[in-house]
Amino acid sequence: MKYAYYPGCSLHASAAEYDISWKAVCERLDIQLVEMEDWSCCGTVHATSVDRLLAMALAARNLSIAEETGLEVAVPCSGCYKNLRTTDEELKEDADLRERINGSLQRRSFKGVTAVKHPLYILLEDVGLDGLAELPRPLHGLKVAPYYGCVLTRPAAKQPVDDAEDPQGLDRLLEALGAEVVPYPAKTKCCGGAILLSHTDVSVDLTGQLLMQAKEAEAECIAVACPMCQMALDAYQSQVERQLGTKLALPVLYFTQLLGLALGVDRGRLGLGRLVVSPANVLAKV
Amino acid sequence: MEASSTGSSLTITDLDARFRDEVAKQVGKLDLVYCFQCGMCSGSCPTIGRMEHGPRRIMQMIRLGMADKVLRSNDLWYCVSCYSCTARCPQGVQVTDVMAGLRNLSIAKGLATDKEAKFSRVFVEVLQRYGRMYEPEVLVRYYMSQAGVSALLKQAGLGLTMLRKGKIGLRPERINDTDELSDIAARIRSNGGGRS
């Protein structure tokens, strides 16, 4: 199994532990990743706010590079994934728009011959949970709250891989790892990551509700699939604690880190020390 | 006069009959005409508590041609692009894309005053400079533009934590030809914005 790999800016900086753990998991599962040559920023929500067409052109530039590899492209950041996936869908459908965007790219051209996939659904759909049948170190007894955030499942894809209102992918993966999946209402509510830096108070409110719900449901940690969600829930957790006047100490791990643990990947190769809220106590039991 | 100053009634001369089509062009579709004002969007919005109007009312304000009020509204910048409204709209209106299109128009016309508008512009400038995101530069430029050094210093604690955890790159990564993205942006702009 082989994919073009679009890490996106976060996985080369603030979310390096996502990059490290995803690569370690791929190595263990015989998934080959070919990092795309000269990839550029997807534009995130901010380029979309300034100019939607520019954001599409930025996504199309990256898609054209992925297309040159002849492979499907793996995109771990939900924000990048949403930008690349929706642009891929729109440009495949709308010939006029495609022509216009390609005109702006000049030396490159979007052809519509790849597919954009998130690692969570590569594991579920392409690898399959059967491939995880015999885990060296199952996460028995670990209570995990799965957090999907917004743009992993929304806007709905033309061919959806999960349900936008009540997605199950992360639940299924965590169950297969032997973890106890904790239900709580906020699993698809937004963390406010899009305006985290300009309106920090909004994000702190939203993540405060979410973290409290997970805590009340007796979760010992949260599993995420997006660097923005991780940053809002982890790096800003001390601000949430100050606002709520309570200690939460809820570690926020990438699902690839939990998968790596269950697969018996050496802990030193999962970037666990890079999380702001330490998972050491919680993981001592698995 | 009382009525218009409270914003509860409309003055015909303040309305812009072309606004609806201008928004549709920016978004690439005219689906907001199917909105029947059920309020599912505002009911699903995680930041509705911060908004003056909320998405339901904004959809109607667009149709009425209340261009100035809509484009000056900070509601546009409290939208967190979570697509909850879009996922639930019974009429299939791409509400989140409409909100993004409104942010585009608000910036293009110089009517955006919200902090997030400034942040987004700084972000795109840095993106075009390197081809990849370099967060330290965005943050320094953004915080300095807001409240100067004091705003920047407030973030120092978190900044140090991020540095200690290796979450901040010490040098920007660049793409091979850093002019490429500025050229793409220039060609998009010269096409005059909007979708058709």
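Residues numbered from 1 in each chain as written. Chains lettered and ligands numbered in written order. Predicted model: local features only at pLDDT ≥ 70, side-chain atom pairs only at ≥ 80, totals over all residues.

Residues and elements named next belong to chain A. Where helix 7 (residues 119-127) contacts helix 8 (residues 169-176), the two axes come as close as 10 Å, and the packing angle between them is 65 degrees. By the angle class used here, helix 7 and helix 8 are roughly perpendicular. Both helix 7 and helix 8 take part in a crossing whose hand is left-handed. For the pair formed by helix 7 and helix 8, the contact residues are Leu-120, Tyr-121, Leu-123 and Leu-124 on the first element and Gly-169, Leu-170, Arg-172 and Leu-173 on the second. Residue classes in the contact of helix 7 with helix 8 are distributed as six nonpolar, one polar and one charged. (Axes fitted to C-alpha atoms, helices over the stretch in contact; angles between N-to-C directions. Helix = DSSP H or I, 4+ residues; strand = E, 2+ residues; numbered from the N terminus. Parallel < 35°, antiparallel > 145°, perpendicular 65-115°, else oblique. Left-handed = near helix turned anticlockwise from the far one by under 90°. Contact = placed C-beta atoms within 7 Å. Nonpolar A, V, L, I, M, F, W, Y, C, P; charged D, E, K, R; others polar.)

This brings us to the environment of Ala-280 of chain A. All names here are of chain A. By the element assignment, Ala-280 lies in helix 13 (residues 280-283). Among the residues examined, Ala-280 registers 11 C-beta atoms within 10 Å and is labelled exposed. Separated by 239 residues in the primary sequence, Ala-280 and Cys-41 place their C-alpha atoms 33 Å from one another. (Buried ≥ 20, exposed ≤ 12 C-beta atoms within 10 Å, placed from the backbone.)

The subject of this paragraph is the sheet that holds strand 7 (residues 221-224) of chain A. Residue and element names in this part refer to chain A. If you trace the four strands from one edge of the open sheet to the other, you get 6-5-7-8, paired in parallel fashion. Pairing within the sheet leaves two strands with one partner each, and these edge strands are strand 6 (180-181) and strand 8 (252-254). Pairing of strand 7 with strand 8, which is carried by three bridges, proceeds in the parallel orientation. By the bridge assignment, Val-224 is partnered in strand 8 with Tyr-254. Where helix 8 meets the sheet, it contacts strand 5 (143-146), strand 6 and strand 7, and its direction lies at approximately 160 degrees from that of strand 5. (Pairing = 2+ DSSP bridges.)

Turning our eyes to something else, we now look at the nonpolar core. All names here are of chain A. One finds Ala-57, Val-144, Ile-222, Ala-223, Val-224, Phe-255 and Leu-258 to be the most contacted residues of the largest nonpolar core, which totals 158 residues. Of all the elements, helix 4 (residues 52-69) adds the most residues to this core, at 10 residues. Beyond its immediate sequence surroundings of up to four residues, Val-144 is in contact with Leu-174, Ala-179, Val-181, Val-182, Ala-219, Cys-221 and Ala-223. (Core = buried A, V, L, I, M, F, W, Y, C linked by C-beta atoms within 7 Å.)

Time to look at the domain arrangement of chain A. Residues and elements named next belong to chain A. Taken domain by domain, chain A comprises domain 1 (2-119) and domain 2 (132-283). Between domain 1 and domain 2, the residue contacts involve 24 residues of the former and 25 residues of the latter. Elements with a contribution of two residues or more to the side of domain 1 that touches domain 2: helix 1 (8-11), helix 2 (16-28) and helix 5 (78-93). With nine residues, the single largest contributor to the side of domain 1 that touches domain 2 is helix 2. Of the residues contributing to the side of domain 1 that touches domain 2, the split by class is 12 nonpolar, seven polar and five charged. (Domains from an automatic or database assignment.)

Residue and element names in this part refer to chain B. With 20 residues, helix 10 (residues 135-154) ought to run about 28 Å at 1.5 Å a step, yet its terminal C-alpha atoms sit only 16 Å apart, falling short of that. Along helix 10, the sharpest change in direction is near 125 degrees and occurs at Ala-147. Among the residues making up helix 10, those that are buried are Leu-139, Tyr-142 and Tyr-143. In the core, the buried residues of helix 10 are packed alongside helix 9 (115-130). (Expected span 1.5 Å × (residues − 1). Bend = angle between axes of the 7 residues up to and from the residue.)

Moving on, we come to the interface of chain B and chain A. Between chain B and chain A, the contact holds 47 residues from the first and 46 residues from the second. Mapped onto the side of chain B that touches chain A, the elements with two or more residues apiece are helix 7 (84-88), helix 8 (95-108), helix 9, helix 10, helix 11 (156-164) and helix 12 (179-190) of chain B. Here the side of chain B that touches chain A is composed, by residue class, of 23 nonpolar, 12 polar and 12 charged.

On to unusual backbone geometry, then. All names here are of chain A. Residue Arg-154 is joined to Pro-155 through a cis peptide bond whose omega torsion reads -10 degrees. With respect to the secondary-structure elements, Pro-155 resides in the loop between strand 5 and helix 8. Of note, Asp-38 is a non-glycine position whose phi angle comes to about 60 degrees, a positive value. As for its position among the elements, Asp-38 is in the loop between strand 2 (32-35) and helix 3 (44-50). When the 13 C-beta atoms within 10 Å are taken as the criterion, Asp-38 is described as partly exposed. The residue Ala-249 is not glycine, and still its phi comes out positive at about 45 degrees. Mapped onto the elements of the fold, Ala-249 is located in the loop between helix 11 (237-244) and strand 8.

To continue, consider the sheet that holds strand 3 (residues 73-74) of chain A. All names here are of chain A. With parallel pairing, four strands are arranged side by side in an open sheet as 2-1-3-4. Of all the strands in the sheet, just strand 2 and strand 4 (116-117) have a single pairing partner and so form its edges. The pairing of strand 1 (residues 2-5) with strand 3 spans two bridges and is parallel. Across the sheet, Tyr-5 pairs through a bridge with Ala-74, a residue of strand 3.

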